[in-house]
Amino acid sequence: MAETEKDDKAVDVTKATEAAAAPHGITEVTTVDAATEDEAVAALDAEVGSGEPILQVRNLVKHFPLTQGILFKKQVGAVKAVDGISFDLYQGETLGIVGESGCGKSTVAKLLMTLESATAGEVFYKGQDITKLSGRALRAVRRNIQMVFQDPYTSLNPRMTVGDIIGEPYEIHPEAAPKGDRRRKVQELLDVVGLNPEYLNRYPHQFSGGQRQRIGIARGLALNPEIIICDEPVSALDVSVQAQVINLMEKLQDEFNLSYIFIAHDLSIVRHISDRVGVMYLGKMAEIGTDAEIYDHPTHPYTQALLSAVPVPDPEAREGRERIILTGDVPSPANPPSGCRFRTRCWKAEDKCAKEVPLLAIPERFAGTDSLAAHESACHFAEEKDVVHA
Amino acid sequence: MLNPTQAPEAGPVSAAAEAPLPGGSEITKARSLGQDAWRELRSNPIFWVSAVLLVLFLLMAAVPSLFTSTDPGHADLRNHYLGKPEWGHFFQPDWFGYNGQGQSVYARTIYGARASVIIGFCVTLGVTLVGGVIGMFAGYFGGLLDTLLSRLTDIFFGIPLLLGGMVLLQAFTHRTIWTVVLALATFGWMPLARVMRGAVITQKQADFVTAARALGAGTTRILLRHILPNTLAPVIVVATIALGGFVSTEATLSYLGIGLQSTVSWGVDISDAQNVLRDAPHVLLVPASFLSLTVLSFILLGDAVRDAFDPKLR
């Protein structure tokens, strides 16, 4: 069993690497122009081949206005929570998004779920911009993109039984399961996430944190979605339980052919589960690539600083390692630095960094090489620095 | 979603990764918050005292003939004030003596419970509905609607319940129980609206509401299935405590002569008895004690229910 899992994982990695290697990173968006709602829904429910881009995020922006005045509200600025982010999610892969608190990770999750309306930019799901959909087409999107929440203690309604919580998706989308079938489906889901199907009539407060998170995952799975957005799904759990939940999620990914966007701040967990990783800093993507590219060959100074803080379980290796300690605090997203957002804390910063915004692209010095450092990095002075093994 | 051929027991993870829940024998037994609260209440003596008193008052209101066979309106002037209470004559017409008309104070007190209890319950029901709906809309939709409704609440808060009730009741020449209910409900809904608004604002930010929205749930479902059940506990508590207040306000209005007319009621009796307080204090004290006990038991019940529903106090 363990061996097959390993094999699967290996296949996944090569697949993702190939996909990323061909048109490295940002792919062409083939938009679908659906004339009628029926066509739109049909296109949204269509199958996508493994390794094809399923979700394409382009220049996504979310600014929260800052207002002043009681009666006549005047906008005095904006918190630039997400400021122009582009990435692709390929079918069947796990894209990890890491970054420190307040960098906009959770806002990205809410935007992808259309729980917040984007200020600008597009999110193409199977070629249709979901930020502009409404009515039945939006319902189809909701069926196909689901979410697992961070805190298993607040994400389940304390007044509903587990059966009602997991069965609610079927009540909202009655077309997903005939009425007589629902109870059996809910029990199957409980079984799939490793809970006793007899727990149907229990209330959330009778479960532990890990069990509650499994209930949350079962709810996310109920509508047979293609994408699950996990917003720090294990950060509220004990370390021992984290592993159980992560392994469950990997198993479900294989079983149901899911694509994950996995948002977290724990770099080790992200490495464990992700095929590709994006590093966010202050509303921008700093670096994105496969997990080997990011973890073993980081080229952006922020990624290098992050990785140098990862604990190394080997005292001797730890001795020789250079620890990059960043000074200062994260600047306010309401008033971010000009040019490169990281320049105020970067040891490489020069005048150019204040004037020019570095683009998220493969650095020139690595372009065309076979090196794993040839992945997108938003830095004018991108270079390799082995921070993990040194 | 699931492969239909996959039988439940075929799930490879199944219970292997699963630590057994405590009390595995009662697997299907559910324990809701309400049931937890009930377990808590059962061991609270204050709850039992107030509950027994309330059941007694409710019985008096529903079937007064259980307690006395005397007609509360029957007047025998031979007993005019001279009929002092015979404290040993339990459940007899002269148990609590006679009033100025020679009517049995005991019978009048028993029959007087009905008006107080009906008014207390109906006003509470009315203010919970009106205040609850206003608070829920203000809290959930926010923005301009919230501003308008909250200011409306503030304006009504500026009018004292008693004064407002008096002014409104003056407009009616014929006053029944229902006009009193209307008057008290009109000026008594604000605390409920505020509590509801606060509770809704807290709950609407909860992750499970976001989860329901992410599933595509509509406003009605979110309000009724997710927000309302989680706001009921504080609302029930405030309503229970307010109920006692409404009963005493009704008595005050009747005492002032602008409440009930030609109805047997504690307030009316207290009002009639004030002139003879020194000669025959029992005519005033008996209905007044019953009134105090009713209000007290509602407030105690409200306290006990709040403690039971608040997990932080356990």
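Residues numbered from 1 in each chain as written. Chains lettered and ligands numbered in written order. Predicted model: local features only at pLDDT ≥ 70, side-chain atom pairs only at ≥ 80, totals over all residues. Heavy atoms only, no water.

Chain B has the name Oligopeptide ABC transporter, permease OppC in an unreviewed UniProt entry, where Streptomyces himastatinicus ATCC 53653 is given as its organism. The Subcellular location (unreviewed entry) comment attached to chain B in UniProt states, word for word, "Cell membrane". (UniProt positions renumbered as here; feature names shortened; annotations may be inferred.)

(A) How the structure looks around the overall build of chain A. Per the secondary structure count, chain A includes 13 helices and 11 strands. Relative to the 2.2 N^0.38 estimate, which gives 21 Å for 390 residues, the radius of gyration of chain A is 22 Å and therefore close to what a compact globule would have. Considering only C-alpha atoms, chain A reaches an extent of 65 × 60 × 45 Å along its principal axes. About 16,600 Å² of surface is accessible on chain A, with carbon and sulfur atoms providing 51% of the total. Taken as two groups, the 41 positive and 57 negative side-chain charges of chain A have centres that lie 8 Å from each other. (Helix = DSSP H or I, 4+ residues; strand = E, 2+ residues; numbered from the N terminus. Rg over C-alpha atoms; globule rule 2.2 N^0.38 Å. Areas by Shrake-Rupley, 256 points an atom, 1.4 Å probe, with all protein chains shown as cover. Lys, Arg positive; Asp, Glu negative; His and termini not counted. Charge placed at Lys NZ, Arg CZ, Asp CG, Glu CD.)

(B) Highlighting the pattern of salt bridges. If you walk through the whole model with that rule in mind, you get 21 salt bridges over all chains. In this structure, B:Arg221 and A:Glu171 form a salt bridge, with 2.8 Å as the shortest nitrogen-oxygen distance. One end of the pair, B:Arg221, is in helix 9 (residues 219–255); the other, A:Glu171, is in helix 5 (residues 162–172), on a second chain. Among the salt bridges present, the one from A:Lys348 reaches A:Glu383, with a minimum N-O distance of 3.5 Å. With A:Lys348 in the loop between helix 12 (315–320) and helix 13 (351–355) and A:Glu383 in the segment after strand 11 (376–377), the pair connects residues that are 35 residues apart, well separated along the chain. Here A:Lys348 falls in the buried class, since its relative accessible area comes to 13%. A relative accessible area of 33% places A:Glu383 in the partly exposed class. Salt bridges sharing common partners tie together A:Glu168, A:Glu171 and B:Arg221. (Salt bridge = Lys/Arg side-chain N within 4 Å of Asp/Glu carboxyl O. Buried < 20%, exposed > 50% of the residue type's maximum accessible area, 1.4 Å probe, protein only.)

(C) Spatial organisation of the packing of helix 7 (residues 209–221) of chain A against helix 8 (residues 239–256) of chain A. All names here are of chain A. Where helix 7 contacts helix 8, the axes come no closer than 10 Å and their chain directions differ by 20°. What the angle tells us is that helix 7 and helix 8 run roughly parallel. The way helix 7 lies across helix 8 gives a crossing that is right-handed. Contact with helix 7, carried on its side by Gly-210, Gln-213, Arg-214, Ile-217 and Leu-221, involves Val-241, Gln-244, Val-245, Leu-248, Met-249, Leu-252 and Phe-256 of helix 8 and no other residues of that element. In terms of residue class, the contact of helix 7 with helix 8 is made up of 8 nonpolar, 3 polar and 1 charged. (Axes fitted to C-alpha atoms, helices over the stretch in contact; angles between N-to-C directions. Parallel < 35°, antiparallel > 145°, perpendicular 65-115°, else oblique. Left-handed = near helix turned anticlockwise from the far one by under 90°. Contact = heavy atoms within 4.5 Å. Nonpolar A, V, L, I, M, F, W, Y, C, P; charged D, E, K, R; others polar.)

(D) Summary view of the confidence of the model for chain B. All names here are of chain B. The pLDDT averaged across chain B works out to 82; a share of 87% of its residues lies at or above 70. Considering each helix and strand of chain B separately, the mean pLDDT is smallest for helix 1 (residues 33–42), with a value of 79, and largest for helix 7 (residues 190–204), with 94. Low confidence marks residues 1–28, where pLDDT is under 50. Its contacts with residues over four positions away, or in another chain, come to 49 contacts. Prediction confidence for the complex, expressed as pTM and ipTM, is 0.78 and 0.82 respectively. (pLDDT = per-residue confidence, 0-100.)

(E) Quick peek at the sheet that holds strand 8 (residues 259–264) of chain A. Residue and element names in this part refer to chain A. Strand order in the open sheet made by the 7 strands is 6-7-8-3-9-10-11, with mixed pairing throughout. Strands at the two margins of the open sheet, each flanked by one partner only, are strand 6 (145–148) and strand 11. Of the pairings in the sheet, the one linking strand 3 (residues 94–98) to strand 8 comprises 5 bridges and is parallel in character. Note that in strand 8 the partner of Val-98 across the bridge is Ala-264. Strands in contact with helix 4 (residues 135–144) are strand 6 and strand 7 (227–231); relative to strand 6, the strand with the most contacts, it is inclined by about 45°. (Pairing = 2+ DSSP bridges.)

(F) Focus on unusual backbone geometry. Residue and element names in this part refer to chain A. Within the chain, Thr-114 stands out as a residue other than glycine whose phi angle is a positive 50°. Tracing the backbone through its elements, the reader meets Thr-114 in the loop between helix 3 (105–112) and strand 4 (120–125). For Thr-114, a relative accessible area of 19% gives the class buried. Despite not being glycine, Asn-224 has its phi angle at roughly 55°, a positive value.

(G) Representation of the UniProt feature "transmembrane region" (unreviewed entry) in chain B within the structure. In this structure's numbering, the residues bearing the UniProt feature "transmembrane region" (unreviewed entry) are residues 46–67, 117–140, 152–171, 177–195, 227–247 and 284–305 of chain B. Measuring from the first to the last C-alpha atom of residues 227–247 of chain B gives 30 Å, for a span that is 100% helix and 0% strand.

(H) Local environment of the UniProt feature "domain: ABC transmembrane type-1" (unreviewed entry) in chain B. UniProt marks residues 113–302 of chain B with the feature "domain: ABC transmembrane type-1" (unreviewed entry), using the numbering shown here. Across residues 113–302 of chain B, the secondary structure splits into 81% helix and 0% strand, with the terminal C-alpha atoms separated by 20 Å.

(I) Here's a closer look at the domain arrangement of chain A. Residues and elements named next belong to chain A. Domain assignment breaks chain A into domain 1 (2–64 + 80–296) and domain 2 (297–390). The C-alpha-based centres of domain 1 and domain 2 are spaced at 28 Å. Facing 25 residues of domain 1, the contacting portion of domain 2 comprises 30 residues. Together, Tyr-281, Leu-282 and Glu-287 form the three largest contributors to the area buried by domain 1 at its contact with domain 2, with a combined 28%. Where domain 1 touches domain 2, the interface holds 2 salt bridges. One salt bridge connects Arg-345 with Glu-100, and the closest N-O pair in it is separated by 3.6 Å. On inspection of domain 1 and its partner domain 2, the count reaches 12 residue pairs in polar contact (both at pLDDT 80 or more). (Domains from an automatic or database assignment. Buried area = accessible area lost by both parts, 1.4 Å probe. Polar contact = N/O pair within 3.5 Å; in protein donor to acceptor, adjacent residues only side chain to side chain.)

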